[in-house]
Amino acid sequence: MKTAYQMGRAWLVFGMFLLLSGCGDASTEDVERTAPVWLPPSAQTFIAFPPSPAGLATVWGTLEEGPHATFMDINAESEIPGHFHSNTVHAIIVSGTMNIPAPPDSVDVPDRITGDYGMAPGGVPHMMNCVSTEDCLLLIHQQEAFDIAIDLSQANTDDSAEFKTFDGLAFAPEFGGIAEFGPLIGDYRTGGHGTMVTLPEGAQIPPHTLSAEARGFVLQGTLEVPMPSGQAATPSLPIGSFFLIPEGQDYSVRCRDGSDCVYYLMQDAAFAIGPS
């Protein structure tokens, strides 16, 4: 007879099947790539897969095919049991406190907070525990399709997960010191990258264009990203928001009063200022 724990894990897989079958409505796959995108949390659709304590909202790409970028909301003080994914997954803590044993039987695992990062190569097993009293929000992104498997006897034991802390990143001033860039994946100066950007309260990055599409995810504070840069009415982008800056689009970034801002910036090419 299966234990309640085993049955819960089986339901997790069934719920994931249902989620992947219906997640297309939450994707921006059909959005014209030459059009700016602003997607605050209020405009996102999270799809739950009970009894798992999580829901997913894909904000860019397609979860079932990849590439994709997806927010994962995990209930407070809950656990996603040991599992692995076929393809490498990158995860960034947006809010809440997470504990991520990799492999699942790891001990003395440090807690992860906003801006901290984890990467699990395909097949590497891990657990995901939201240990805070409020829900945890993660950003996950992959180059390939998202899936989940729980038969840990098939897991990859040759590779291991990698973790980085936000405080451990090497930030460098950009835009004359207005903002700071902290490389997380790759190097934004030379090629495709994932980079943390910090912007002080009330500061504004001046208008410019980029030579390659950029995708942004708000981790702290509230941003305004007018596209074009002179746009009068600009959506407010609080924590958990997504925005897309098309190649060649004139734009600027402002951190609204109330808190310093942090956002995660992804590009498939180097961060290069294009013609204005």
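Residues numbered from 1 in each chain as written. Predicted model: local features only at pLDDT ≥ 70, side-chain atom pairs only at ≥ 80, totals over all residues. Heavy atoms only, no water.

Colleague: What exactly am I supposed to notice about the overall build of the protein chain here?
Modeller: A count of helices and strands for the protein chain gives one helix and 22 strands. For the protein chain, the residues scored as buried account for 50% of the 276 residues in total. A sequence separation of at least 24 residues applies to 73% of the contacts in the protein chain between residues at least 6 apart. (Helix = DSSP H or I, 4+ residues; strand = E, 2+ residues; numbered from the N terminus. Buried < 20%, exposed > 50% of the residue type's maximum accessible area, 1.4 Å probe, protein only. Contact = heavy atoms within 4.5 Å.)

Colleague: Looking at this model, I keep getting lost on the packing of aromatic side chains. Mind explaining?
Modeller: For any two aromatic rings, the description comes down to two numbers: the centre-to-centre distance and the angle of the planes. Scanning the entire structure with this criterion turns up nine aromatic pairs. Judged by centre distance (5.2 Å) and plane angle (40 degrees), the rings of F217 and F242 are tilted. Here F217, found in strand 17 (residues 214-220), pairs with F242, found in strand 20 (residues 242-245); they are 25 residues apart in sequence, far enough to count as distant. For the residue pair F217 and F242, the accessibility class agrees, reading buried in each case. One aromatic cluster in this structure is built from F71, F217, F242 and Y264. Geometry around W60 places R215 over its ring, the cationic atom sitting 4.0 Å from the centre. (Phe/Tyr/Trp six-rings, centres within 6.5 Å; stacked < 30°, edge-to-face > 60°. Lys NZ or Arg CZ within 6 Å of the ring centre and 35° of its normal.)

Colleague: Any chance you could explain the nonpolar core here in plain terms?
Modeller: By size, the foremost hydrophobic cluster in this structure holds 24 residues, and its most contacted members are L199, L223, V225, F243, Y251, V253 and Y263. In terms of nonpolar packing, the next biggest core, distinct from the first, is built from 23 residues, V37, W60, I92 and F217 among them. (Core = buried A, V, L, I, M, F, W, Y, C linked by side-chain atoms within 4.5 Å.)

Colleague: Help me understand the side chain of N99, please; the structure alone is not making it clear to me.
Modeller: Tracing the backbone shows N99 in strand 7 (residues 98-99). Here the side chain of N99 touches D111 through a polar contact of 3.0 Å, side chain to side chain. Residues contacting N99, with those up to four places away along its chain left out, are V109, P110, D111, M127, M128, N129 and V131. (Polar contact = N/O pair within 3.5 Å; in protein donor to acceptor, adjacent residues only side chain to side chain.)

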